[in-house]
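So the chains spell out like this:
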There are 2 protein chains.
Amino acid sequence: MMTKGLMAASTKPLILTILSRGKNYGYDIIQEVKSVSGGELLWSDGMLYPVLHKLESEKMISSEWIEKDDRKRKYYKLTEKGRKELIKEKEAWISVHNTLMRFWELPEMKISIK
Amino acid sequence: MMTKGLMAASTKPLILTILSRGKNYGYDIIQEVKSVSGGELLWSDGMLYPVLHKLESEKMISSEWIEKDDRKRKYYKLTEKGRKELIKEKEAWISVHNTLMRFWELPEMKISIK
DNA sequence: AAATATACATAGATTATCTATGTAACTAGA
DNA sequence: TCTAGTTACATAGATAATCTATGTATATTT
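Model, not experiment: these values are computed from the prediction. (Residues numbered from 1 in each chain as written. Chains lettered and ligands numbered in written order. Predicted model: local features only at pLDDT ≥ 70, side-chain atom pairs only at ≥ 80, totals over all residues.)

The next thing to look at is the pairing of strand β3 (residues 71-78) of chain B. Residues and elements named next belong to chain B. As judged from the two bridges shared by strand β1 (residues 24-25) and β3, these two strands associate in the antiparallel manner. Bridge pairing links Tyr25 to Tyr75 in β3. Looking at chain direction, strand β2 (residues 61-68) and β3 are connected through eight bridges and run antiparallel. Paired with Lys68 across the strands is Arg71, a residue of β3. (Pairing = 2+ DSSP bridges. Helix = DSSP H or I, 4+ residues; strand = E, 2+ residues; numbered from the N terminus.)

Another aspect to go through is the protein's contact with DNA strand C. Around DNA strand C there are 22 residues in total, and A:Ala8, A:Gly46, B:Tyr25, B:Gly26 and B:Tyr27 lie nearest to it. Secondary-structure elements contributing two or more residues to the surface near DNA strand C are α1 (4-20) and α3 (45-57) of chain A together with α2 (26-36), α3 (45-57) and β3 of chain B. Element by element, the count of residues in the surface near DNA strand C is highest for α3(B), at five residues. (Near = placed C-beta within 6 Å.)

Where helix α4 (residues 80-104) of chain A contacts helix α1 (residues 4-20) of chain B, the two axes come as close as 11 Å, and the packing angle between them is 5°. Of the possible angle classes, the one that applies to α4(A) and α1(B) is roughly parallel. Residue-level inspection shows A:Ala92, A:Trp93, A:Val96, A:Leu100, A:Phe103 and A:Trp104 of α4(A) in contact with α1(B), the latter providing B:Leu6, B:Ser10, B:Pro13, B:Leu14 and B:Thr17. Split into classes, the residues belonging to the contact of α4(A) with α1(B) amount to nine nonpolar, two polar and no charged. (Axes fitted to C-alpha atoms, helices over the stretch in contact; angles between N-to-C directions. Parallel < 35°, antiparallel > 145°, perpendicular 65-115°, else oblique. Contact = placed C-beta atoms within 7 Å. Nonpolar A, V, L, I, M, F, W, Y, C, P; charged D, E, K, R; others polar.)

Turning our attention to α1(A). Residues and elements named next belong to chain A. In this model, α1 (17 residues) spans 25 Å end to end at C-alpha, consistent with the 24 Å of a helix rising 1.5 Å per residue. Along its length, α1 reaches its greatest deviation from straightness, about 30°, at Thr11, and the proline Pro13 lies no more than four positions downstream. For α1, the full list of buried residues reads Leu6, Ala9, Ser10, Thr11, Lys12, Pro13, Leu14, Ile15, Leu16, Thr17 and Leu19. Directly after α1, the chain includes Gly22, whose backbone phi takes a positive value near 140°. (Expected span 1.5 Å × (residues − 1). Bend = angle between axes of the 7 residues up to and from the residue. Buried ≥ 20, exposed ≤ 12 C-beta atoms within 10 Å, placed from the backbone.)

Once that is clear, we can look at the sheet that holds strand β1 (residues 24-25) of chain A. Residue and element names in this part refer to chain A. Spatial ordering of the open sheet is given by β1-β3-β2, a layout of three strands whose pairing is antiparallel. Two strands in the sheet have a free side with no partner beyond their single neighbour: β1 and β2 (61-68). Contacting β1, β2 and β3 (71-78), α1 runs over the sheet at an angle of about 100° to β3.

Residues and elements named next belong to chain B. Spatially, three strands are ordered β1-β3-β2 in an open sheet, and the strand pairing comes out antiparallel. Two strands bound the open sheet, and with one partner strand each, they are β1 and β2. Against the sheet, α1 engages β1, β2 and β3, with an angle of about 100° to β3.

Let's shift gears to the environment of A:Trp65. Residues and elements named next belong to chain A. Looking at where Trp65 falls in the secondary structure, it is placed in strand β2. The exposure class of Trp65 is exposed, given the 9 C-beta atoms found within 10 Å. With sequence-adjacent residues up to four places away left out, Trp65 is seen in contact with Lys72 and Lys74.

Of the transformation placing chain A onto chain B, the axial shift is 0.0 Å and the rotation is 180°, giving an RMSD of 0.0 Å. Both chain copies can therefore be described as sitting about a two-fold axis. For chain A, the minimum C-alpha distance to the rotation axis belongs to A:Ala9 and amounts to 3.0 Å. Both copies share a contact surface, since 100% of the interface residues of chain A are interface residues in chain B too. (Least-squares fit on C-alpha atoms with pLDDT ≥ 70 in both.)

Attention now moves to the protein's contact with DNA strand D. The immediate surroundings of DNA strand D are formed by 22 residues, with A:Tyr25, A:Gly26, A:Tyr27, B:Ala8 and B:Gly46 found nearest. Mapped onto the surface near DNA strand D, the elements with two or more residues apiece are α2 (26-36), α3 and β3 of chain A together with α1 and α3 of chain B. Ranked by the residues each element gives to the surface near DNA strand D, the list is headed by α3(A), at five residues. Split by residue class, the surface near DNA strand D holds eight nonpolar, six polar and eight charged.

The next subject is α3(B). With 13 residues, α3(B) extends 18 Å from end C-alpha to end C-alpha; this agrees with the ideal 18 Å at 1.5 Å per step. One or two positions beyond α3(B), positive phi appears at B:Lys59, with a value near 65°.

As structure tokens, this is what we get:
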């Protein structure tokens, strides 16, 4: 159901958003996206991991192996740079969204990003 | 100000949307996006034309040279396939948007696309 | 006459995307 | 204890997308 370009465009803001709420690891990020989207956004692991690696190479997130419940998992967390990037992503999203809403004649988001 | 991925993801729905309101040509589409976005979305012509060509090759839109006011312009219009695609694009957009809104704890779009 | 705006086109370097595939450990059920 | 399913991460590399830079030409404004 997901459009290709949109899938690609939404991974970054979604990952940054999820990590802004606390550290998390790849597999669980996929579950959370599935859960919060009501099953509409189904990410594959092979699609997510390269994006996580790229975000880490860009210093937007950082990683740490943590053992918990006899499971070693690679936890990611947002860096300061990633936090700033998330704000930009939010602003950009709202900007495009509001433009679409004007064309579609639907209510806009009249909010300030913080 | 625009994020790269978002720029890419929004061209298709925006072009289809603009053409759903009537035939239009490349240069004017750029002006309309600029105008409706309040100057926030600034498209270059070199970026738009290849997208128009691609959408035409995919039969989403069709083109016709029309002379008007001593100007020859290539007008594009939405095909039936493009009209259906626009509906899908709208649904996908709302789906991703609502997921983001749930994370950001902002109001969702509770609308039905038609 | 010059500068600016209108209008379309495309090569091609750069970058992004994601499927397919691989590894391995844990868990639940039969 | 065997099997199937789940959890968890990784990456090669084929495929595709993206957009800047550049080119052409006409019309309009200064």
